[in-house]
Amino acid sequence: MFTYLNVSEGETIEFGTPKYGIENYPYDYHQKWFLIVPEGRQVQLEFEAFELEESKYCRNDYVEVREAYFTFTASDPQAITGEFGEILAEHLCGTTVPSTIQSKGNMVWVNFKSDDNTTTVYKGFKASFTAGEYVLRKLTEPPRNFLCRAR
């Protein structure tokens, strides 16, 4: 299932697992959201509640967040994808609410997947997003593969 959510300047949209807060999320379920903000802005994603089955490497049930991008025509929503976009948050699970996630571009792909465990007792997640402004982050350590040679 695909859902396209598009916010205007100053607007916030909430989304999450089906019937969050009313009943546990369904088993063997897969949903993708495409979060879109105006060009020149970044997606600012906040998780308000988070309760997914915890497993080694989050293999059973998880949420992942990636940069989304157009594959063909920039005006066709069907041409948006995220499966191979830059990872913003890889396989999140458990009960710790993730920190705020900010994209580099104006589109984000959120992927939720649950396994076939029919006895799940977890509520799922509730999140919201808005159009944020780019925040320059201070580099605290050299990037991987950074080569520094003394002369």
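Residues numbered from 1 in each chain as written. Predicted model: local features only at pLDDT ≥ 70, side-chain atom pairs only at ≥ 80, totals over all residues. Heavy atoms only, no water.

Student: So, the sheet that holds strand β11 (residues 124-132): which residues are in play, and what are the values?
Tutor: Taken together, the four strands give an open sheet; going across it, the order is β2-β11-β4-β9, and neighbouring strands pair in antiparallel fashion. Looking at the sheet topology across the chains shown, the edges are occupied by β2 (12-16) and β9 (101-102). (Pairing = 2+ DSSP bridges. Helix = DSSP H or I, 4+ residues; strand = E, 2+ residues; numbered from the N terminus.)

Student: Run through the state of the cysteines, naming residues and quoting values.
Tutor: Here the structure, examined in full by the defined rule, presents one disulfide. With a sulfur-sulfur separation of 2.1 Å, Cys-58 is cross-linked through a disulfide to Cys-93. Here the disulfide of Cys-58 and Cys-93 is left-handed, its torsion about the S-S bond being about -75°. In this pair, Cys-58 sits in the loop between β4 (42-51) and β5 (62-67) while Cys-93 sits in the loop between β8 (87-92) and β9, placing the two residues 35 residues apart along the sequence. Across this residue pair, the class does not change: Cys-58 and Cys-93 are buried. (Disulfide = S-S within 2.5 Å. Buried < 20%, exposed > 50% of the residue type's maximum accessible area, 1.4 Å probe, protein only.)

Student: Now, about the nonpolar core: what can you tell me, with residues and values included?
Tutor: Core analysis: the biggest nonpolar cluster contains 29 residues, and Phe-15, Leu-35, Leu-45, Phe-47 and Phe-129 have the highest contact counts within it. Contributions of two or more residues to this core are made by β2, β3 (30-36), β4, β5, β8, β10 (107-113) and β11. Formed by six residues, the second largest nonpolar core is a distinct cluster that contains Ile-36, Ala-68, Met-107 and Trp-109. (Core = buried A, V, L, I, M, F, W, Y, C linked by side-chain atoms within 4.5 Å.)

Student: Any details on the pattern of salt bridges? Residues and values, ideally.
Tutor: Once the charged atoms of two side chains with opposite charge are near each other, the side chains can pair. One pass over the structure, following the stated rule, counts six salt bridges. In this structure, the salt-bridge partner of Glu-9 is Arg-41, at a minimum N-O distance of 1.9 Å. Of this pair, Glu-9 sits in the loop between β1 (2-6) and β2 while Arg-41 sits in the loop between β3 and β4; the two residues are 32 residues apart in sequence, bridging distant segments of the chain. Between Lys-104 and Glu-86 there is a salt bridge whose closest N-O contact spans 3.0 Å. Note that Lys-104 is positioned in the loop between β9 and β10 and Glu-86 in the loop between β7 (80-81) and β8, a separation of 18 residues in sequence. Among the ionic contacts, a cluster of salt bridges with common partners joins Glu-9, Arg-41 and Glu-133. (Salt bridge = Lys/Arg side-chain N within 4 Å of Asp/Glu carboxyl O.)

Student: Residues and numbers for the packing of aromatic side chains, please.
Tutor: One pass over the structure, following the stated rule, counts 12 aromatic pairs. Here the aromatic rings of Phe-47 and Phe-50 are separated by 5.5 Å at their centres, their planes lie at 90°, and the arrangement is edge-to-face. Here Phe-47 matches Phe-50 in class, with each residue buried. By way of ring pairs, the aromatic residues Phe-15, Tyr-25, Tyr-29, Trp-33, Phe-47, Phe-50, Phe-112, Phe-125 and Phe-129 are connected into one cluster. (Phe/Tyr/Trp six-rings, centres within 6.5 Å; stacked < 30°, edge-to-face > 60°.)

Student: Describe the environment of Thr-118, naming the residues involved and giving the relevant values.
Tutor: Residue position: Thr-118 is located in the loop between β10 and β11. For Thr-118, a relative accessible area of 54% corresponds to the exposed category. A C-alpha to C-alpha distance of 8.1 Å links Thr-118 and Asp-28, two positions 90 residues apart in sequence.

Student: Report on the sheet that holds β10, specifying residues and quantitative values.
Tutor: One open sheet holds the five strands; their spatial order is β1-β3-β10-β5-β8, and the pairing between them is mixed. A single partner strand is all that each edge strand has here, and the edge strands are β1 and β8. Averaged over all adjacent pairs, the angle separating strand axes in this sheet is 15°, with direction ignored. In this sheet, β3 lies alongside β1 in parallel orientation, the contact comprising five bridges. Paired with Tyr-4 across the strands is Phe-34, a residue of β3. (Axes fitted to C-alpha atoms, helices over the stretch in contact; angles between N-to-C directions.)

So yeah, pure geometry; function would need other evidence.
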